[in-house]
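If you want the building blocks of each chain, they are given just below.
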Number of protein chains: 2
Amino acid sequence: MITDLDHLIGLFAKLPGFGPRSARRAVLRLVEQPEARMLPLANALLAVARNVKVCTVCGNLDTRDPCGICADPHRERDLICVVESVGDLWALERARAHHGLYHVLGGTLSAIGGTGPEDLNLASLLPRLGQGGAGELILALSATVDGAATAHWVADKVAPSGVRVTRVAQGVPMGGALDVLDDGTLAAALRARR
Amino acid sequence: MITDLDHLIGLFAKLPGFGPRSARRAVLRLVEQPEARMLPLANALLAVARNVKVCTVCGNLDTRDPCGICADPHRERDLICVVESVGDLWALERARAHHGLYHVLGGTLSAIGGTGPEDLNLASLLPRLGQGGAGELILALSATVDGAATAHWVADKVAPSGVRVTRVAQGVPMGGALDVLDDGTLAAALRARR
């Protein structure tokens, strides 16, 4: 009946964090102000959709290639942080936790998921270490079995280059209560005490 | 730094139900699939933004005028439900609670907000009652002071036409526990017992 609108609501409802109800609410807000809200959003989406590319250096998504981070002269170029996904990269950027460069693997090795080294963005990592003279490679991978396996594998591959390889610390999250933490995290936090 | 993307995230973050964090997550999902997700969403937004209009009959928002509801030959044309906003209309449609037509006021009378009868979509209501031979006018307005004042005002205006005016019932919401309900609702629910 309200076909164009229903189609739009359906697309919104597929976004993470959205259901049919909240999608309807968001679309209603947009449709009430077509000029002020809806067109700008449509045009911003078009601009990004047409121009987004995978950075050939690090694997980040951006409208430029190399991406804004790789092209930024103020970043420490001898410090490369290896992450699984662009979402992880964005999380680290949001936290302003890392001032070097990144390398996005696009996943982790996974025996169950059938993800092998050839499925990850690994081929370009070793050349980067050679040419840029990276002083340190930080592995910021998930604290899961697959994440740990991937970290081991990357560390092995990188070892011959002589680059220092570190991993992000495991421990109690900020604001986290000890009694709700799992045993693995507690043990890791105790072992890594300082 | 990631200007185009940041701009897009900022627009998403302004939507109801979204904050900076969830906006980033939604944009990330879109940007990972520009062809499959982002372009269709952009085009759907453009289509609606270009074509959305206020229905000259009832005040609903749709890409057609008269809107899909007013144009639907299967709706009961002698039953008109008066609502405050298009959001309320959509809520009633979602609940499939009403099979007649609507009339969207665009707000309520409000002494504090400075909303008078001339600010509401009231001028076209009385002619509709005359020509269509509406058998019943249902007032589905908020159970607030302003909503009640508006309902009284509309009922007064409509009285000379002889059309039957009803109001939606107040009472205990479905699944609602009695002990958390406010006194006003409890009293209304008791009074309207059957």
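Right above here is the structure, for reference.
Note that this is a predicted model, so its numbers are computed, not measured. (Residues numbered from 1 in each chain as written. Chains lettered and ligands numbered in written order. Predicted model: local features only at pLDDT ≥ 70, side-chain atom pairs only at ≥ 80, totals over all residues. Heavy atoms only, no water.)

Asks: Looking at this model, I keep getting lost on the overall build of chain A. Mind explaining?
Replies: Along chain A, the regular secondary structure elements total eight helices and six strands. Listing each helix as α and each strand as β along chain A from the N terminus yields α-α-α-β-β-α-β-α-β-α-β-α-β-α. Expected size for 194 residues packed as a compact globule is a radius of gyration near 16 Å; at 21 Å, chain A overshoots this value by more than 25%. Along the longest, intermediate and shortest principal axes, the C-alpha atoms of chain A span 65 × 45 × 35 Å. The proportion of buried residues among the 194 residues of chain A is 44%. The contacts in chain A between residues at least 6 apart in sequence include a share of 45% that link residues at least 24 apart. (Helix = DSSP H or I, 4+ residues; strand = E, 2+ residues; numbered from the N terminus. Rg over C-alpha atoms; globule rule 2.2 N^0.38 Å. Buried < 20%, exposed > 50% of the residue type's maximum accessible area, 1.4 Å probe, protein only. Contact = heavy atoms within 4.5 Å.)

Asks: How should I be thinking about the pattern of salt bridges in this particular structure?
Replies: Side chains that differ in sign of charge can pair as their charged atoms come close. Residues and elements named next belong to chain A. A complete count under the given rule lists four salt bridges over all chains for this structure. The partner of glutamate 136 in a salt bridge is arginine 164, with the nearest N and O atoms 3.3 Å apart. A residue pair is termed long-range when its members are at least 10 positions apart, and glutamate 136 in strand β5 (residues 136-139) and arginine 164 in strand β6 (residues 164-167) qualify at 28 residues. (Salt bridge = Lys/Arg side-chain N within 4 Å of Asp/Glu carboxyl O.)

Asks: Explanation requested: the pairing of strand β4 (residues 100-104) of chain A in the structure shown.
Replies: Residues and elements named next belong to chain A. Counting buried residues in β4 gives five out of five residues, a clear majority hidden from the surface. Inspection of the sheet shows strand β3 (residues 76-83) paired to β4 by five bridges, in the parallel sense. Each residue of the ladder has a partner; that of isoleucine 80, found in β4, is leucine 101. (Pairing = 2+ DSSP bridges.)

Asks: What should I look at first to understand the relation of the copies chain B and chain A in this one?
Replies: The second copy of the chain is related to the first by a rotation about an axis and a shift along the axis. Expressed as a screw transformation, the operator carrying chain B onto chain A has a rotation angle of 180 degrees and an axial translation of 0.0 Å, and the superposed copies differ by an RMSD of 0.1 Å. Viewed as a symmetry operation, the transformation between the two copies matches a two-fold axis. When C-alpha distances to the rotation axis are compared across chain B, the minimum falls at alanine 42 of chain B, with a value of 2.3 Å. Take the interface residues of chain B: 100% of them recur as interface residues in chain A, which is what a same-surface contact looks like. (Least-squares fit on C-alpha atoms with pLDDT ≥ 70 in both.)

Asks: Would you mind showing me how to read the environment of arginine 50 of chain B here?
Replies: Within the secondary structure layout, arginine 50 of chain B lies in helix α3 (residues 34-51). Each C-alpha atom of the pair arginine 50 of chain B and proline 73 of chain B lies 26 Å from the other, and the pair is 23 residues apart in sequence.

Asks: How do you make sense of the interface of chain B and chain A when you look at a structure like this?
Replies: The parts lose accessible area when they come together, and the size of an interface is often stated as this lost area. Chain B puts 50 residues into the contact, and the matching count from chain A is 50 residues. Across the chain B to chain A interface the summed buried area is about 4800 Å²; carbon plus sulfur atoms make up 77%. The interface formed by chain B and chain A holds zero salt bridges in total. At the surface where chain B touches chain A, the tally comes to zero residue pairs in polar contact (both at pLDDT 80 or more). Looking at the side of chain B that touches chain A, the elements that each hand over two or more residues are α1 (3-13), α2 (20-32), α3, β2 (61-62), α4 (68-71) and α5 (86-94) of chain B. Of the residues forming the side of chain B that touches chain A, the biggest block, 13 residues, is contributed by α3 of chain B. Among the residues forming the side of chain B that touches chain A, the class breakdown is 31 nonpolar, six polar and 13 charged. (Buried area = accessible area lost by both parts, 1.4 Å probe. Polar contact = N/O pair within 3.5 Å; in protein donor to acceptor, adjacent residues only side chain to side chain. Nonpolar A, V, L, I, M, F, W, Y, C, P; charged D, E, K, R; others polar.)

Asks: Would you mind going over the packing of helix α2 (residues 20-32) of chain A against α5 of chain B with me for this structure?
Replies: Axes are the key here: two packed helices are described by the angle between their axes and the distance separating the axes. Viewed as axis vectors pointing N to C, α2 of chain A and α5 of chain B meet at an angle of 150 degrees, and their least axial separation amounts to 10 Å. In the crossing of α2 of chain A with α5 of chain B, the sense of the turn from one axis to the other is right-handed. Contact with α2 of chain A, carried on its side by Arg21, Arg24, Val27, Leu28 and Val31 of chain A, involves Val86, Gly87, Trp90 and Arg94 of chain B of α5 of chain B and no other residues of that element. Per-class residue counts for the contact of α2 of chain A with α5 of chain B are five nonpolar, one polar and three charged. (Axes fitted to C-alpha atoms, helices over the stretch in contact; angles between N-to-C directions. Left-handed = near helix turned anticlockwise from the far one by under 90°.)

Asks: How should the sheet that holds strand β6 (residues 164-167) of chain B be read in this particular structure?
Replies: In any sheet, the strands associate via hydrogen bonds between backbone groups, in a parallel or an antiparallel arrangement. All names here are of chain B. Strand order in the open sheet made by the four strands is β4-β3-β5-β6, with parallel pairing throughout. With partners counted over all chains shown, the strands left at the sheet margins are β4 (100-104) and β6, one partner each. Taking the axes of each pair of neighbouring strands and ignoring which way they run, one obtains an average angle of 25 degrees across the sheet. Pairing of strand β5 (residues 136-139) with β6 involves four bridges; the strand directions are parallel. Within β6, the position partnered with glutamate 136 by the bridge is arginine 164. In the packing of α5 onto the sheet, the strands contacted are β3 (76-83) and β4, and the crossing angle to β4 comes to about 160 degrees.

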